[in-house]
Amino acid sequence: MDLITLAEVTGSLSAVGYGLAAIGPGVGVGIIFGKAIEATARQPELGGRIQTLMWLGFGLVEFLALLGFIAGFIFR
Amino acid sequence: MAGVAELMGTTGVALAAEFHVPQIDEFLPPEIIFAGTPFAMNRIVMVRLIATAVMLLVFGITAARAKLIPGRWQGAVEWLIEFVQNNIVYEVMGELRGKRYVPMITTLFLTIMVFNLCGIIPFANMSANATFVMPLLFAVWTFVQYWRAAIREKGLLAYLKEELLPEGVPIPVYIILAPMQLIDIVLIRPASLAIRLFANMVAGHLIVALCFAATQFFLIESHNMMAGFGVLTLAGGFIMTLFEAFVAALQAFIFATLSCVYINLSYPEEA
């Protein structure tokens, strides 16, 4: 090993990239479900409405993680 | 676990054979009948056709032999249908509005669940939703339904105005908001439905394949101290198969619920 190459990475960096990219949506989905549970506990009579909004937000946030999956097919 | 397997495969001591990690390029099974014609079918298409036929037969026979006092099997089917009706459709849309969508959502839910469960049935071993076309078809169905509902209940222009230019927003914000909302209702909603189902099925299949490929490698191909890992990955394969069964039902539920939510958004806000 010469001085220039101090660290070398072999294998697919895109897998690491996808792992990093999945952190954001992971946190987001957690917040959405947690807040929905909290809100339902505070206002149980609004449960149906809250659940609708929860699924809507979940769909949007999870799409970000799924874009990473699709990127694997597109940018090879 | 897979990471450990790969690490051992590349750095382990004097392994008999190179560990072959299943790749995404090898995902599609080869064509088995009518190869070379436009009707060429691989295993996934076969699974689709057989699953559809079996489903139609089973539910058709159940419906034809339905009795006033349900037996055990009829009770189970009725429980499933009532779950979709009460816990998915009526929960999101309410009984009045949801009534006309119960058949559609029930069809979506049951079809997606049976197709997904094909992934863990021996000799099928592949979810029928594991290529993009089938989830896309379901998503397009939902897409058509929520646009139809919007045009019927609000009118096309009123719907677009409400979605693209919602009230109570400062006017300059519309420049950003309107295109985003347009992309959302035209592209992101159906695309996310389809991609979510597809991605879950592909990923699940690959994980199970990886576990069993590692087992094959550790237990059979390489004769050294690594056999313990083979037992571990074998157990992992079975656990992942069970997890796949759970994911199959969960994805069907999420798809059906989100379809209801999207259709419900096309209706006027209830006072």
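Everything quoted here is computed from the prediction, not taken from an experiment.

S.K.: Go over the interface of chain A and chain B, please, and point to the residues and values.
M.R.: The interface is formed by 16 residues belonging to chain A together with 21 residues belonging to chain B. Counting across the interface, chain A meets chain B through 1 salt bridge. We note a salt bridge from A:E62 to B:R196, for which the minimum N-O separation is 2.3 Å. Taken together, the residues that form the side of chain A that touches chain B break down as 9 nonpolar, 4 polar and 3 charged.

S.K.: An account of the layout of surface pockets is requested, with residue identities and associated values reported.
M.R.: In this structure, the second largest pocket encloses a volume near 520 Å³. Lining the second largest pocket are 24 residues, and of these A:R49, A:L53, A:L56, B:L265 and B:E269 sit closest to its centre. Broken down by secondary-structure element, the contributors of at least two residues to the lining of the second largest pocket are helix 3 (47-74) of chain A together with helix 7 (156-164), helix 8 (174-221) and helix 9 (227-265) of chain B. Ranked by residue count, the leading element in the lining of the second largest pocket is helix 3 of chain A, at 6 residues. A class-by-class count of the residues in the lining of the second largest pocket yields 10 nonpolar, 5 polar and 9 charged.

S.K.: Let's hear about the UniProt feature "transmembrane region" (unreviewed entry) in chain B: which residues, and what values?
M.R.: Residue and element names in this part refer to chain B. This chain's UniProt record puts "transmembrane region" (unreviewed entry) on residues 44-64, 101-124, 130-150, 171-191, 197-220 and 232-265. From the first C-alpha to the last, residues 197-220 spans 34 Å; its make-up is 100% helix and 0% strand. Strand forms 0% of residues 232-265 and helix 100%; the C-alpha atoms that close the span are 47 Å apart.

S.K.: Could you give an account of the UniProt feature "transmembrane region" (unreviewed entry) in chain A, with specific residues and numbers?
M.R.: According to UniProt, the feature "transmembrane region" (unreviewed entry) maps to residues 12-33 and 53-75 of chain A in the numbering used here. Helix makes up 91% of residues 12-33 of chain A and strand makes up 0%, while its end C-alpha atoms are separated by 32 Å.

S.K.: Residue-level account of the packing of helix 2 (residues 43-64) of chain B against helix 3 (residues 72-93) of chain B, with values.
M.R.: All names here are of chain B. Between helix 2 and helix 3, whose axes approach to 11 Å, the crossing angle comes to 110°. By the angle between their axes, helix 2 is roughly perpendicular relative to helix 3. Here helix 2 runs over helix 3; the crossing is left-handed. Residue-level contacts link V58, F59 and T62 of helix 2 to W73, Q74 and V77 of helix 3.

So, how was this worked out
- Residues numbered from 1 in each chain as written.
- Chains lettered and ligands numbered in written order.
- Predicted model: local features only at pLDDT ≥ 70, side-chain atom pairs only at ≥ 80, totals over all residues.
- Heavy atoms only, no water.
- Contact = heavy atoms within 4.5 Å.
- Salt bridge = Lys/Arg side-chain N within 4 Å of Asp/Glu carboxyl O.
- Nonpolar A, V, L, I, M, F, W, Y, C, P; charged D, E, K, R; others polar.
- 1 Å grid on protein atoms, 1.4 Å probe; cavity = no way out; pocket = protein on both sides within 12 Å on 5 of 7 lines; lining within 4 Å.
- Points joined across faces, edges and corners; volume = space filled by probe spheres on them.
- Helix = DSSP H or I, 4+ residues; strand = E, 2+ residues; numbered from the N terminus.
- UniProt positions renumbered as here; feature names shortened; annotations may be inferred.
- Axes fitted to C-alpha atoms, helices over the stretch in contact; angles between N-to-C directions.
- Parallel < 35°, antiparallel > 145°, perpendicular 65-115°, else oblique.
- Left-handed = near helix turned anticlockwise from the far one by under 90°.

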